Amino acid sequence: MKKILIFDLDGTIVVNSRIDPKLRDLIKNLSKSHIVIFASGRMFSSMDQLLKKNDLSGIEIAYNGSLIYLNGTFYKFCLDKVYALSILNFLRKEKIHRQIYVDDLLYVEEENEFSRAYSQQAEIEYKVVQNLDEVAKSGCIFKILAIETADKIDLTKAKAVKVIQKNADIFTSSKIYLEFVKKGVNKRSAVEFVSKKLNFSFKDTISFGDGENDSELLEKSGISFAMVPGNEKLRKVATYITDNDDGMGAFRSLKYLESIGQI
């Protein structure tokens, strides 16, 4: 039976900035008989570049669900501009590094250690502007990202939930990344959208993830694997928990599913 295999990127199949060749080849082989979806918090251009470099292809969900690339068509779910301005103002007052993604371009208000490290990791350039508010008014806002130390991100999230959550979805994608997207948008909602287009059931989905931003998806999937190290919340909702220190957790999980006839 055809399954829908859904892979998070960073921390799941991308570990130490690489996809293990054995895992890459297995995913390529499985894509011949199953539907493969890559779901990431990355911007589309960064995600697409990474997949092409590894000769991987499939349905692409970027920005944690705010942008879907399916059969040559982009589907966009943009953050409301008024809410975006309030989020930017909140982050300024908290003195937290902030960056905004508009029409798949990355903008920052200042060049610093956070913007440089992010650019290097994502292999994407950024534009420095005087005021992100003006950029926010110019196009489709896919997300706003706050970057800080883990302790500060925890504190910022606690405050943001109280004042912003009714207008946007807020979650971490790593210990130092706090994300803001359109209300109701996440990886699960994106897969639900794709399922209606391709007419498949969630009971046939198999998902792999490591972050808080994967929790809704893993909880609803027919079978799910939470990576360790990873967000503890996932371990409560996933079907299986697997070690991924070596970047081969998804590989071993897929081989296990093959051995029991699930794929």
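This report concerns the structure included in the present document. Predicted model, so just to flag it, every value in this text is computed and none were measured. (Residues numbered from 1 in each chain as written. Predicted model: local features only at pLDDT ≥ 70, side-chain atom pairs only at ≥ 80, totals over all residues. Heavy atoms only, no water.)

So, about the state of the cysteines. Scanning the model with the defined rule gives 1 disulfide in all. Shown here is the disulfide that connects C78 with C140, its sulfur atoms set 1.9 Å apart. Between C78 and C140, the disulfide has an S-S torsion of -105° and is therefore left-handed. In this pair, C78 sits in the loop between β5 (73-76) and α3 (81-93) while C140 sits in the loop between α5 (132-136) and β9 (141-147), placing the two residues 62 residues apart along the sequence. You can call C78 partly exposed: its relative accessible area is 28%. (Disulfide = S-S within 2.5 Å. Helix = DSSP H or I, 4+ residues; strand = E, 2+ residues; numbered from the N terminus. Buried < 20%, exposed > 50% of the residue type's maximum accessible area, 1.4 Å probe, protein only.)

Under the 1.5 Å per step criterion, the end-to-end length of helix α7 (residues 187-198) is 16 Å for 12 residues, consistent within 8% with the ideal 16 Å. Burial in α7 covers these residues: K187, S189, A190, V191, V194 and S195. Looking at the buried positions of α7, the neighbouring elements they touch are β1 (4-7), β2 (35-39), β3 (59-62), β4 (67-70) and α8 (215-220). Measuring from the side-chain oxygen of the N-cap residue of α7 to the backbone nitrogen of R188 gives 2.9 Å; that N-cap residue is N186. (Expected span 1.5 Å × (residues − 1). Contact = heavy atoms within 4.5 Å. Polar contact = N/O pair within 3.5 Å; in protein donor to acceptor, adjacent residues only side chain to side chain.)

Two quantities define a packed helix pair, namely the angle between the helix axes and the distance between the axes. At their nearest, the axes of helix α1 (residues 21-30) and helix α10 (residues 249-259) sit 9 Å apart, and the two run at 40° to each other. With respect to each other, α1 and α10 are oriented oblique. The hand of the α1/α10 crossing is left-handed. On α10, the residues that touch K22, L23, L26, I27 and L30 of α1 are A250, F251, L254, K255 and E258. Of the residues assigned to the contact of α1 with α10, the class counts are 7 nonpolar, no polar and 3 charged. (Axes fitted to C-alpha atoms, helices over the stretch in contact; angles between N-to-C directions. Parallel < 35°, antiparallel > 145°, perpendicular 65-115°, else oblique. Left-handed = near helix turned anticlockwise from the far one by under 90°. Nonpolar A, V, L, I, M, F, W, Y, C, P; charged D, E, K, R; others polar.)

Bringing the sheet that holds β5 into the picture now. With mixed pairing, 8 strands are arranged side by side in an open sheet as β5-β4-β3-β2-β1-β12-β13-β14. Of all strands in the sheet, those bounded by a partner on one side alone are β5 and β14 (240-243). Neighbour to neighbour, the strand axes of the sheet diverge by 20° on average, direction disregarded. As paired strands, β4 and β5 are joined by 4 bridges and run antiparallel to one another. Each bridged residue has a counterpart across the sheet, and for I68 the counterpart in β5 is Y75. (Pairing = 2+ DSSP bridges.)

This next bit is on the sheet that holds strand β7 (residues 105-108). Picture the strands of a sheet paired through backbone hydrogen bonds; they go either parallel or antiparallel. Taken together, 6 strands build an open sheet; the order of strands is β8-β7-β6-β9-β11-β10 and the sheet is mixed. Strands at the two margins of the open sheet, each flanked by one partner only, are β8 (127-128) and β10 (168-174). Of the pairings in the sheet, the one linking strand β6 (residues 97-102) to β7 comprises 4 bridges and is antiparallel in character. Paired with I100 across the two strands is Y107, which belongs to β7. Contacts between α3 and the sheet are confined to β6, β9, β10 and β11 (177-182), with β9 contributing the most and set at about 10° to the helix.

Moving on, we come to the packing of aromatic side chains. Aromatic rings considered in pairs are described by the distance between their centres and by the relative angle of their planes. Considering all chains together, one arrives at 14 aromatic pairs under this definition. Aromatic ring contacts, followed pair by pair, group F7, F38, F208, F225, Y240 and Y256 into a single cluster. Here K143 stacks its cationic end above the ring of Y101, 5.0 Å away from the centre of that ring. Over the ring of F202 we find K220; its NZ or CZ atom is 4.8 Å from the centre of that ring. (Phe/Tyr/Trp six-rings, centres within 6.5 Å; stacked < 30°, edge-to-face > 60°. Lys NZ or Arg CZ within 6 Å of the ring centre and 35° of its normal.)

By themselves, these are just geometric observations and shouldn't be taken as functional.
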